[in-house]
Amino acid sequence: MFKKLSQKVQVGVLAICSLATSITVILIIIFLFSEGISFLGMKPTEEGYVLAVNTKNNLNSISPELCKKVFDQEVDNWSQLGEKDMPIELVNSDQIATLYSEEAIGSEMEYLDTCYNDYVSKHVGVFAVMPKNYVTSKFKGRVVEVQENSIASFVRGREWFPTAKPIAQFGILPLLMGTLIVSLGAILIALPLGLACAIYMSEIAKKRRRKIMKPLVELLAGIPSVVYGFFGLIVIVPLIQTLFHLDVGETALAGSIILGIMALPTIITISEDALRNVPNAMREASLAMGATKWQTIYKVVIPYASSGITTATVLGIGRAIGETMAVLMVTGNAANVTLNYLKPVRTIPATIAAELGEAPSGGIHFKALFALGCILFLITMSINLYVNFVSKRRGVK
Amino acid sequence: MKAITKQKIVFSILKVMSFMVIAILFLIIGFIFIKGIGVINWGFISKMPEEGMLKGGILPAIVGTLCLIGGSMLFAFPIGVCSGIYINEFLKDGPLKRFMRLMTDNLAGIPSIVFGLFGMALFVNKLKFGDSILAGSLTLGILALPVIIRTTEEALRSVDDLHRQASYALGASKLYTIKKVVLPIALPNIITGLILAIGRVSGETAPILFTVAAYFLPKLPHSLFEQAMALPYHLYVLATSGTDIEKAKPMAFGTALILITIVLICNLLANLIRAKFKKK
Amino acid sequence: MIQIKNVNFYYKDFHALTDITMQIPDKAVTAFIGPSGCGKSTLLRLINRMNDLIDGTRLTGNILVEGQDIYDKKVEVEELRKKVGMVFQKPNPFPKSIFENVAYGLRVQGMKNETEIKDRVEDAIKKAALWSEVERILNNNATNLSGGQQQRLCIARCLAVEPHVILMDEPASALDPISTAKIEELVLDLKSKYTIVIVTHNMQQALRISDHTAFFYLGELVEYNTTHDIFHNPAQEKTKNYVTGQFG
Ligand SMILES: Nc1ncnc2c1ncn2[C@@H]1O[C@H](COP(=O)(O)OP(=O)(O)OP(=O)(O)O)[C@@H](O)[C@H]1O
Ligand SMILES: [Mg+2]
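Since the model is a prediction, treat every value here as computed from it, not as a measurement.

For the rest of this paragraph, the subject is the overall build of chain C. When you go through chain C residue by residue, the secondary structure sums to ten helices and ten strands. Against the compact-globule benchmark of 18 Å for 248 residues, chain C has a radius of gyration of 18 Å, which places it among compact chains. Over its C-alpha atoms, taken along the principal directions, chain C stretches across nearly 55 × 45 × 30 Å. Put simply, chain C has 248 residues, and 53% of those count as buried. A sequence separation of at least 24 residues applies to 66% of the contacts in chain C between residues at least 6 apart. For chain C, the exposed surface amounts to about 11,000 Å²; the carbon and sulfur share of it is 46%. Averaging the coordinates of the 29 positive side-chain charges in chain C and doing the same for the 31 negative ones gives two points 3 Å apart.

Turning to the site of ligand 1, a few remarks are in order. Residues and elements named next belong to chain C. The full set of residues close to ligand 1 is Tyr11, Phe14, Ser36, Gly37, Cys38, Gly39, Lys40, Ser41, Thr42, Ile54, Glu170 and His201. Taking Ser36, its side chain carries an N or O atom lying 2.5 Å from an oxygen atom of ligand 1. Measuring from an oxygen atom of ligand 1, one finds a backbone N or O atom of Gly37 at 2.8 Å. For ligand 1, the protein covers 63% of the area, taking 630 Å² as the surface of the free molecule. Among the elements that make up the shell around ligand 1, the one with the highest residue count is helix α1 (residues 40-47) (three residues). Class assignment of the residues belonging to the shell around ligand 1 gives a composition of four nonpolar, six polar and two charged.

Below, the discussion takes up the sheet that holds strand β5 (residues 68-69) of chain C. Residues and elements named next belong to chain C. Here four strands make up an open sheet; going across it, the order is β2-β1-β4-β5 and the pairing antiparallel. Since the sheet does not close on itself, it has two edges, and those belong to β2 (14-24) and β5, each with one partner. Relative to strand β4 (residues 57-65), strand β1 (residues 2-11) runs antiparallel, the two sharing eight bridges. Paired with Ile2 across the two strands is Val65, which belongs to β4.

Moving on, we get to the packing of aromatic side chains. The full count for this structure, using the stated rule, is 24 aromatic pairs over all chains. Look at Trp294(A) and Tyr298(A): their rings are 5.3 Å apart centre to centre, the planes differ by 25°, and that puts the pair in the stacked class. Remark: Tyr298(A) and Trp294(A) occur in helix α13 (residues 293-304); sequence separation between them is four residues, near one turn of the helix. Between the aromatic rings of Phe123(B) and Phe129(B), the centroid separation amounts to 6.4 Å while the plane-to-plane angle is 5°, which identifies the pairing as stacked. The rings of Phe31(A), Phe118(B), Phe123(B), Phe129(B) and Phe225(B) are connected pair by pair, giving a single aromatic cluster. Cation over ring: Arg58(C) sits above Tyr10(C), and NZ or CZ is 4.3 Å from the ring centre. Taking NZ or CZ as reference, Arg157(C) lies 4.6 Å from the ring centre of Phe94(C), over its face.

With that settled, consider the sheet that holds strand β10 (residues 220-226) of chain C. Residue and element names in this part refer to chain C. The six strands lie next to each other as β6-β7-β8-β3-β9-β10, forming an open sheet whose pairing is mixed. A single partner strand is all that each edge strand has here, and the edge strands are β6 (84-87) and β10. Taking each pair of neighbouring strands and ignoring which way they run, the sheet shows an average axis angle of 15°. As judged from the six bridges shared by strand β9 (residues 212-217) and β10, these two strands associate in the antiparallel manner. When the bridges of β10 are listed, Phe215 appears paired with Glu223. Relative to β6, helix α6 (residues 147-160) is tilted by about 170°, and along the sheet it contacts β6 and β7 (165-169).

All right, on to the interface of chain C and chain A then. Contacts between the two partners involve 23 residues from chain C and, on the opposite side, 18 residues from chain A. Contact between chain C and chain A buries roughly 1,700 Å² in total, counting both sides, with carbon and sulfur atoms accounting for 64%. Of all residues in chain C, Phe94(C), Tyr104(C) and Val108(C) give up the largest surface area on contact with chain A, accounting jointly for 29% of the area buried on that side. Our count for the chain C to chain A interface comes out at one salt bridge.

This part is about empty space enclosed by the protein. Residues and elements named next belong to chain C. Counted under the stated rule, the structure contains three cavities of 30 Å³ or more. Taken as a whole, the largest cavity holds about 60 Å³ of empty space. At three residues, α6 tops the list of elements feeding residues into the lining of the largest cavity. Here the lining of the largest cavity is composed, by residue class, of eight nonpolar, one polar and one charged.

As a further point, take the layout of surface pockets. Estimated volume of the second largest pocket: approximately 1,400 Å³. Lining the second largest pocket are 35 residues, and of these Glu203(A), Ile204(A), Lys293(A), Leu53(C) and Asp55(C) sit closest to its centre. Those elements giving two or more residues to the lining of the second largest pocket turn out to be α8 (173-204), α9 (207-222), α11 (252-276), α12 (280-288) and α13 of chain A, α1 (3-37) of chain B together with α2 (77-83) of chain C. Split into classes, the residues belonging to the lining of the second largest pocket amount to 13 nonpolar, five polar and 17 charged.

Now for the nonpolar core. The biggest cluster of nonpolar side chains holds 190 residues, and the ones touching the most others in it are Ile28(A), Leu32(A), Trp160(A), Tyr228(A), Phe230(A) and Leu372(A). With 45 residues, the next largest nonpolar core counts Ala124(C), Ile125(C), Met168(C) and Val243(C) among its residues.

Let us now look at the interface of chain B and chain A. Accessible area lost when the parts come together is the quantity often used to give the size of an interface. Contacts between the two partners involve 79 residues from chain B and, on the opposite side, 76 residues from chain A. A combined buried area of about 6,700 Å² lies between chain B and chain A, and 82% of that area is made up of carbon and sulfur atoms. Seen at the junction of chain B and chain A, the total is one salt bridge. Across the salt bridge formed by Glu218(A) and Arg274(B), the nearest N and O atoms sit 3.7 Å from each other. Tallying contributions element by element places α1(B) first for the side of chain B that touches chain A, with 22 residues. Classifying every residue of the side of chain B that touches chain A by side-chain character gives 57 nonpolar, 14 polar and eight charged.

This brings us to unusual backbone geometry. Unlike most non-glycine residues, Asn333(A) shows phi in positive territory, near 60°. In this structure, Asn333(A) sits in the loop between α15 (325-330) and α16 (348-355). The backbone of Glu66(C) sits at a positive phi, close to 50°, despite the residue not being glycine. You can call Glu66(C) partly exposed: its relative accessible area is 43%.

What follows concerns the packing of α13(A) against α1(B). Their axes nearest at 8 Å, the elements α13(A) and α1(B) cross at an angle of 70°. By the criterion of interaxial angle, the relationship of α13(A) to α1(B) is roughly perpendicular. Judged by residue contacts, Lys293(A), Trp294(A), Gln295(A), Ile297(A) and Tyr298(A) of α13(A) engage Ala3(B), Lys6(B), Gln7(B), Val10(B), Phe11(B) and Leu14(B) from α1(B). Counted by class, the contact of α13(A) with α1(B) contains seven nonpolar, two polar and two charged residues.

Conventions we followed
- Residues numbered from 1 in each chain as written.
- Chains lettered and ligands numbered in written order.
- Predicted model: local features only at pLDDT ≥ 70, side-chain atom pairs only at ≥ 80, totals over all residues.
- Heavy atoms only, no water.
- Helix = DSSP H or I, 4+ residues; strand = E, 2+ residues; numbered from the N terminus.
- Rg over C-alpha atoms; globule rule 2.2 N^0.38 Å.
- Buried < 20%, exposed > 50% of the residue type's maximum accessible area, 1.4 Å probe, protein only.
- Contact = heavy atoms within 4.5 Å.
- Areas by Shrake-Rupley, 256 points an atom, 1.4 Å probe, with all protein chains shown as cover.
- Lys, Arg positive; Asp, Glu negative; His and termini not counted.
- Charge placed at Lys NZ, Arg CZ, Asp CG, Glu CD.
- Near = heavy atom within 4 Å.
- Polar contact = N/O pair within 3.5 Å; in protein donor to acceptor, adjacent residues only side chain to side chain.
- Nonpolar A, V, L, I, M, F, W, Y, C, P; charged D, E, K, R; others polar.
- Pairing = 2+ DSSP bridges.
- Phe/Tyr/Trp six-rings, centres within 6.5 Å; stacked < 30°, edge-to-face > 60°.
- Lys NZ or Arg CZ within 6 Å of the ring centre and 35° of its normal.
- Axes fitted to C-alpha atoms, helices over the stretch in contact; angles between N-to-C directions.
- Buried area = accessible area lost by both parts, 1.4 Å probe.
- Salt bridge = Lys/Arg side-chain N within 4 Å of Asp/Glu carboxyl O.
- 1 Å grid on protein atoms, 1.4 Å probe; cavity = no way out; pocket = protein on both sides within 12 Å on 5 of 7 lines; lining within 4 Å.
- Points joined across faces, edges and corners; volume = space filled by probe spheres on them.
- Core = buried A, V, L, I, M, F, W, Y, C linked by side-chain atoms within 4.5 Å.
- Parallel < 35°, antiparallel > 145°, perpendicular 65-115°, else oblique.

Okay, structure coming up:
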């Protein structure tokens, strides 16, 4: 009786443990997405500040991206914002201080609000950044709303500048591009090398040589990414700098090379498995007809293993997309929208790693980084599900 | 061109490319070994960092990494093994088992920086562990879980069913059979999983960035709730953001060498165990 | 004519064939019989050098096909295999279309002319008595055919290369009786043009289709004679016991 119960308890414990991975995945989803989604709907304005214009102006709301352009004076005429043709007059507290006399402002700036009020009401072309508490019932200007973060602004924004004042920029396009071009470059390097190695190991090399190579390839997978990053920083980066006469060697190319090396073991192991799973009968059938070994490999063996090789490629890309430290160390981390491999780029994981330490917990920047995490999670999850789907359809596993 | 000539050319190209892959491995390891070996001495391993980490040793980073290995394995190994046992021995083939495996695969595929985010949100912020060895160990433990579950499952699967049937035939219960017959046979391979997980955990940087790692903390940790230095993060700091990166290079090479040595030993050990018990 | 002279063959330390000497006549069917593991497949695979693919094998003695020593350094193994085709125990079509399966050998030889390929493919499938069944589905995947059809497709694939010799290793053992009958019929059909060597476990089959039969036992050639004599008038006690089903 007691024995039965104790057995039941033990099996119960095992069962609970087996839920660990599922629970973790669910928890990851909950925590990642609760922070990430709350990023949407927040306003990227500096805490405690508002934008204000003259009441004659019709502008009601403005996108963060346009707003930044106004402050950078890339946009300097109201007509560019769909208003009347007149120059935009930017003012903030510093400018007000130069425009009004010291008495008007007060020795401790206690009348700054009156000055703002005065200036905004008198100048039609004004575009002011001012403390929120100056907006009282007496205020004669009109407050312009900054549009909330949305999926569209997040995905389409061309600038990532989370500490920009007064309007932070959270466009992931440069990060997405950076991630994609670095990963693409990595796979272009890793695929030919990895496939060649897999073919050599599975089809050409003698058993003994294969037995030596296999653990070496595994070792390549075991080297920590920070060591790859270090190696890249010390060897690859200076090499690229001198080879291409660049000012800085930290480039997308450096990231691609290092990530390519890091993706090799994934590609080699999985495609070698796929090649070795090709039934020997296929090879014999081809060879018995007088095909050479190479003809057999590329006309029969590789097509037969093609879905496994695709899986290997996809997983290799997945590994490259998610890799953090090595990329952080060698790509220079400038958020450029570029296709130039000789320019610094910044990837999504590297951004999270570089900025999370400085982002105040719970703030908009912090949440934006979690939103990046969500995107990363979704990408890798789809890759996994795809691979799982494909391998199930093939009936292996 | 004759097919056979073509084959000769292609095969030589393939061979050269494969050797390049192996050459890259030796290049990386050899480079770090040659540059790092001169730095390594007893003082390097046993002293605190001094003078803005340009002198002295890396003892706190080594101890920190050992704490993280210990902490994460203490958490992940039992849960992982139990999970592997349950999935492989108790679940029937079917959607539930497939789902469990899919979840394990999914967890394994999540990038390590996402683990960092998650560890920070859950352990550091929500559970209020703060930046601590506890939070770091739990984060790394979760990351190591799939490795351990997979190897456990594989180890159990490679146990011949004859052994199980022999035990059942003698009237033993399922649990008893697993404990007394299956596990002892599978143990060496399960240990392989543990070792591989240790190798993995000791080199991970992204998950500890925001859960435990301290930039400079020249003392040994006294409790689970303290921050700690760790080898991979220390290497990152030395290589990218020290006070004087040029002068810190020798220290960085030394740290990298220690890190690689740990990984090499783990790999070697795992392969040895695998090879030894495969023959039997 | 295939001449096998004092052939010894080893898998690593294992002595699989001992001192085999025999001559296989042209344009006839020769059957290899014997209990499992006696080396029939091994000898068969030596004739088109398929055993080259296995590591650690060793051969002494000579095998001559049409007067040429096939293990001579000058011989290109691909050329030999074009001349000596092989059909395997389990049908092994490529997961390609029926047409591409048969065209494979031609393409491998570098044939580019599509009309010529088409003619040769059609011709080969007809010779393999499969044309009426697949005429309309040439572009379907070959793996969707029935086992018997697959095996005849493999024979067609082999014929397309226009070999002189066809080696068959238990070509019907994985098939149902009706398919087996079709294959046997086909073999009888083909023997006017090809030299056929067939391994079989089925005594009746050997009796039905072969002209000569070789009986192997533990890596040795025990007896080799006309099929009639092997079955009705065996010289060796072992042969008699085997063909009458007393062991094996
Ligand atoms: N690749 C190999 N490596 C080592 N030994 C082998 C190999 N192939 C066959 N053998 C051995 O050589 C002997 C002859 O094998 P073979 O396949 O020629 O027999 P067989 O007469 O064709 O048998 P069956 O009727 O079962 O097909 C067997 O004892 C077998 O174990
Ligand atoms: Mg055989």
